[in-house]
2 protein chains.
Amino acid sequence: MGTTTAERPSGFEQSGFDAFTALCPSRRLLDTIGDKWVSLAIVALGLRGPLRYSELASQIEGVSQKMLTQSLRKMERDGLLTRTVTPSVPVRTDYELTPLGQTLLPVLAHLKEWAEDHMAEVDEARTAYDSKV
Amino acid sequence: MGTTTAERPSGFEQSGFDAFTALCPSRRLLDTIGDKWVSLAIVALGLRGPLRYSELASQIEGVSQKMLTQSLRKMERDGLLTRTVTPSVPVRTDYELTPLGQTLLPVLAHLKEWAEDHMAEVDEARTAYDSKV
DNA sequence: CGGGATCCCCCGCGATACTG
DNA sequence: CAGTATCGCGGGGGATCCCG
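Residues numbered from 1 in each chain as written. Chains lettered and ligands numbered in written order. Predicted model: local features only at pLDDT ≥ 70, side-chain atom pairs only at ≥ 80, totals over all residues. Heavy atoms only, no water.

Where an unreviewed UniProt entry is consulted, chain A appears under the name Helix-turn-helix transcriptional regulator, with the organism given as Nocardioides turkmenicus.

Laid out in structure tokens, this is it:
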């Protein structure tokens, strides 16, 4: 726990200030799930199990072919999902979350929880801020 | 393309995840804390209490003055922190997390926890992926 | 069907200079 | 000290074409 002041949420003191370097784990996680298509793909795969490329593309609205492929490759490289190519004609490719990738679902659920609990306050603050400027 | 109505398959609403529209709260939260300087500023203010502009600038290594100001303004607008200007000579400006902003600290702590628990696996997966390609 | 390769545009961001 | 204003570029990402 905090060595300085009480009332500080635990979890940040131990690692010191490596959160302020580019290579810190938290930073890299945010870089990953902060990617719009990455997080959407994780949620889609988490909800519906394995999906084909075209299924992902149709469910994640607005994603370009290039960005979807790019995001999926990055996730595969990071071990978050598996990519299974069936060399039929035409080709079939299935994507599925790995156990590691599945551990991100609760994390995203926490984000969702905060968002649903507090985003209305953000909107109010934003409206108030804009109205007086 | 813009904000066309999402034509996603039925069933997402039930699941609780509505992440496939651009305006969904979770999406907006990720847009906020996905911002490198925003999350770093929140952590810095959470750890060390109120800080002056120059203190934030020195603690968040590598941030440009423009981006720091821009991020802080956005956070103020969203009600995540307060900006207090003391019209002395020279001017003094203090930034402090609001109660709303403080509620983000546990969320970021969760992210940090996942990162510390699993980022090593990501690195292994990444190394394995790179070595066989 | 599931991409890879290419072109190109936009704007986010840094650097710099100036002000209250 | 804590910003604002302006310029310039680099690269992220969409659009398009093509291929196995």
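Next comes the rest of the description.
Observations concerning the overall build of chain A
If you tally the helices and strands in chain A, you get six helices and three strands. Ordered by position in the sequence, the α and β elements of chain A form the string α-α-β-α-α-β-β-α-α. Relative to its full complement of 133 residues, chain A shows a buried share of 40%. Look at the contacts in chain A between residues 6 or more apart in sequence, and 42% of them connect residues 24 or more apart. Total accessible area on chain A stands at roughly 7,000 Å², and carbon and sulfur atoms take up 54% of it. (Helix = DSSP H or I, 4+ residues; strand = E, 2+ residues; numbered from the N terminus. Buried < 20%, exposed > 50% of the residue type's maximum accessible area, 1.4 Å probe, protein only. Contact = heavy atoms within 4.5 Å. Areas by Shrake-Rupley, 256 points an atom, 1.4 Å probe, with all protein chains shown as cover.)

Some thoughts on the confidence of the model for chain A
Low pLDDT marks stretches whose predicted atomic positions should not be read closely. Counting all residues, the mean pLDDT for chain A is 87, and 83% of those residues have values of 70 or more. Segment residues 1-7 of chain A: pLDDT under 50, and two contacts once partners within four positions in sequence are set aside and those in other chains are kept. (pLDDT = per-residue confidence, 0-100.)

Observations concerning the UniProt feature "domain: HTH hxlR-type" (unreviewed entry) in chain A
If you check UniProt for "domain: HTH hxlR-type" (unreviewed entry), the listed places come out as residues 24-123 of chain A in our numbering. Segment residues 24-123 of chain A splits into 66% helix and 14% strand. End C-alpha atoms: 31 Å apart. (UniProt positions renumbered as here; feature names shortened; annotations may be inferred.)

Looking at the nonpolar core
One finds Leu56 of chain A together with Leu56 of chain B to be the most contacted residues of the largest nonpolar core, which totals 64 residues. Leaving out residues up to four positions away in the same chain, Leu56 of chain A has contacts with Ala44, Leu45, Leu51, Leu68, Leu72 and Tyr95 of chain A. (Core = buried A, V, L, I, M, F, W, Y, C linked by side-chain atoms within 4.5 Å.)

A closer look at the protein's contact with DNA strand C
The environment of DNA strand C is made up of 16 residues, and the closest members are Arg83 and Tyr95 of chain A together with Ser64, Lys66 and Met67 of chain B. Ser54 of chain A has a polar side-chain atom sitting 3.1 Å from a phosphate oxygen of DNA strand C. Side-chain polar atom of Tyr95 of chain A to a phosphate oxygen of DNA strand C: 2.5 Å apart, as the coordinates give it. Those elements giving two or more residues to the surface near DNA strand C turn out to be helix 3 (53-59), helix 4 (65-77) and strand 3 (92-97) of chain A together with helix 5 (65-77) of chain B. (Near = heavy atom within 4 Å. Polar contact = N/O pair within 3.5 Å; in protein donor to acceptor, adjacent residues only side chain to side chain.)

A word on the protein's contact with DNA strand D
The full set close to DNA strand D counts 16 residues, and Ser64 and Lys66 of chain A together with Gln65, Arg83 and Tyr95 of chain B are the nearest of them. Across the atoms of DNA strand D situated within 4 Å of the protein, the share located in sugar and phosphate is 62%. At 3.2 Å, a side-chain N or O of Arg73 of chain B approaches a phosphate oxygen of DNA strand D. Taken together, the residues that form the surface near DNA strand D break down as six nonpolar, six polar and four charged. (Nonpolar A, V, L, I, M, F, W, Y, C, P; charged D, E, K, R; others polar.)

What about the pattern of salt bridges?
As enumerated under the stated definition, the model contains 14 salt bridges over all chains in all. With a closest N to O distance of 2.7 Å, Asp130 of chain A and Arg77 of chain B form a salt bridge. Here Arg77 of chain B lies in helix 5 and Asp130 of chain A lies in helix 6 (residues 104-131), a pairing that spans two chains. By relative accessible area, Arg77 of chain B is classed as partly exposed at 27%. For the salt bridge of Glu116 of chain B with Lys112 of chain B, the shortest nitrogen-to-oxygen distance reads 3.0 Å. Here Lys112 of chain B and Glu116 of chain B lie together in helix 7 (residues 104-131), a separation of four residues that amounts to about one turn. According to the relative accessible area criterion, Glu116 of chain B is partly exposed, its value standing at 46%. The exposure class of Lys112 of chain B is buried, given its relative accessible area of 6%. (Salt bridge = Lys/Arg side-chain N within 4 Å of Asp/Glu carboxyl O.)

A short note on the pairing of strand 3 of chain A
Residue and element names in this part refer to chain A. Relative to strand 3, strand 1 (residues 51-52) is paired through two bridges, and the arrangement is antiparallel. The residue bridging Arg52 from the neighbouring strand is Asp94, located in strand 3. Linking two consecutive strands that pair antiparallel, namely strand 2 (residues 81-86) and strand 3, is a turn of five residues. (Pairing = 2+ DSSP bridges.)

A few points about the sheet that holds strand 1 (residues 51-52) of chain B
Strand order in the open sheet formed by three strands is 1-3-2 (chain B), with antiparallel pairing between adjacent strands. The sheet terminates laterally at strand 1 and strand 2 (81-86) of chain B, the two strands that pair on one side only.

Comments concerning the sheet that holds strand 2 of chain A
Residues and elements named next belong to chain A. The three strands are arranged 1-3-2 in an open sheet whose pairing can be described as antiparallel. For this open sheet the edge positions go to strand 1 and strand 2, each flanked by a neighbour on one side alone. Lying over the sheet, helix 2 (residues 36-48) contacts strand 1, strand 2 and strand 3, oriented at roughly 90 degrees with respect to strand 3. (Axes fitted to C-alpha atoms, helices over the stretch in contact; angles between N-to-C directions.)

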